[in-house]
Amino acid sequence: QHLTGTLVLSVFTAVLGFFQYGYSLGVINAPQKVIEAHYARVLGIVPPHRHSTNASGEDGTFLQAGTEGTLPTPSDIREDLATSSHILTMYWSLSVSVFAIGGVVSSFTVGWIGDRLGRVKAMLVVNILSIAGNLLMGLAKFGPSHILIISGRAITGLYCGLSSGLVPMYVSEVSPTALRGALGTLHQLAIVTGILFSQVLGLDFLLGNDEMWPLLLGLSGVAALLQFFLLLLCPESPRYLYIKLGKVEEAKKNLKRLRGNYDPMKEIEEMEKEKQEAASEKKVSIRQLFTSSKYRQAVIVALMVQISQQFSGINAIFYYSTNIFERAGVDQPVYATIGVGVVNTVFTVISV
């Protein structure tokens, strides 16, 4: 079994979904200050008159809004600044976290949409979410930026939640057995590449500045468009066609496209065996999965691997490392963030 052009195209096209996932994960990090400053201007929570001097122009005190000619007390200023800071923090936190919320919500429907539409059609349809979400973020300066970014991040999160299930499903089903392990890790490489790519583009002399940040946020829409058109050239999963739909001839045809000059009957026989075994097994409910001793070890292993990854704190680093490094006294926090991305990418290559 060897790599063919169609197999390479199919795997590359699929993992573009994870490149978008990684890009969306890391893109919000570097330009935090620039976007927060824009939020403040749009929301009017740091009005220009608060930076003006008093009537004499000498002491640099702040004028209270709506009380021309009177000076606020220091406690009024502190309270007002604290309120402004809290509002800004709330909108920024929501802009960051709504992406993950969208992913959680949509991930519950992966199995249904994958079986209903097929792997390729499902990836085609959900790509519309990515394109729409990135378009909203790319146009953020032309409307209420905080609303457009939060909405765009939420819709992109919905896409990434669906893609994170559909892509591994498709890649594992089109890959030959001998290459399944290696090809099955490429989606993780695509994630860290996307994160690193977004961090580098987030440098202020590239796209992480006051003029270009909407383009930075919406740029993964280009990858979404590329994936959309490339998916039109990709064959449907032979396993899906044979096991789920019973389309033997179409499954054979797609196997030949994916494997080249190859007799597909051996894999067809394996699929038939898998189909019969699946039909003979009783369906397991979610409750049985967690209560039956038969599944306990597998469930515990699967859960602990995922939980340990989340509790390692790596997601907080991806989202907020620039701010963390700045508070730690690092002179160039954006470059420290890129350093994290480089280390992450290098060790993912080793794992592949």
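Residues numbered from 1 in each chain as written. Predicted model: local features only at pLDDT ≥ 70, side-chain atom pairs only at ≥ 80, totals over all residues. Heavy atoms only, no water.

Per an unreviewed UniProt entry, the chain goes by the name Solute carrier family 2, facilitated glucose transporter member 2 and belongs to Leiothrix lutea. In UniProt, the chain has this text filed under Sequence similarities (unreviewed entry): "Belongs to the major facilitator superfamily. Sugar transporter (TC 2.A.1.1) family. Glucose transporter subfamily." Quoted verbatim from the Subcellular location (unreviewed entry) field of the UniProt record, the comment on the chain reads "Cell membrane". (UniProt positions renumbered as here; feature names shortened; annotations may be inferred.)

(A) Structural view of a nonpolar patch on the surface. A cluster of nonpolar side chains, Val-284, Ile-286, Leu-289, Phe-290, Ile-300, Leu-303, Met-304, Ile-307 and Phe-311, forms an exposed patch at the surface whose accessible area comes to about 900 Å². For the nonpolar patch, the secondary structure elements donating two or more residues are helix 14 (286-291) and helix 15 (293-311). The biggest single contributor to the nonpolar patch is helix 15, with five residues. Its place among the elements puts Met-304 in helix 15. The class of Met-304 is partly exposed, set by a relative accessible area of 46%. (Patch = residues over 30% accessible without salt bridge, like charges linked within 9 Å, V, L, I, M, F, W, Y side chains within 5 Å. Areas by Shrake-Rupley, 256 points an atom, 1.4 Å probe, with all protein chains shown as cover. Salt bridge = Lys/Arg side-chain N within 4 Å of Asp/Glu carboxyl O. Helix = DSSP H or I, 4+ residues; strand = E, 2+ residues; numbered from the N terminus. Buried < 20%, exposed > 50% of the residue type's maximum accessible area, 1.4 Å probe, protein only.)

(B) Structural context of the environment of Asn-254. Among the structural elements, Asn-254 can be located in helix 12 (residues 248-259). For the pair Asn-254 and Leu-241, spaced 13 residues apart in sequence, the C-alpha separation works out to 9.2 Å. If we ignore the near neighbours within four places in the chain, the residues touching Asn-254 are Pro-235, Glu-236, Pro-238 and Leu-241. Engagement of the side chain of Asn-254 in a polar contact is seen with the backbone oxygen of Glu-236, the distance being 3.0 Å. (Contact = heavy atoms within 4.5 Å. Polar contact = N/O pair within 3.5 Å; in protein donor to acceptor, adjacent residues only side chain to side chain.)

(C) Inspection of the packing of aromatic side chains at higher detail. Counted according to the given criterion, the structure contains seven aromatic pairs. Members of the aromatic cluster, joined through ring pairs, are Phe-18, Tyr-21 and Phe-99. Over the face of the ring belonging to Tyr-242 we find Lys-275, whose NZ or CZ atom lies 5.5 Å from the ring centre. (Phe/Tyr/Trp six-rings, centres within 6.5 Å; stacked < 30°, edge-to-face > 60°. Lys NZ or Arg CZ within 6 Å of the ring centre and 35° of its normal.)

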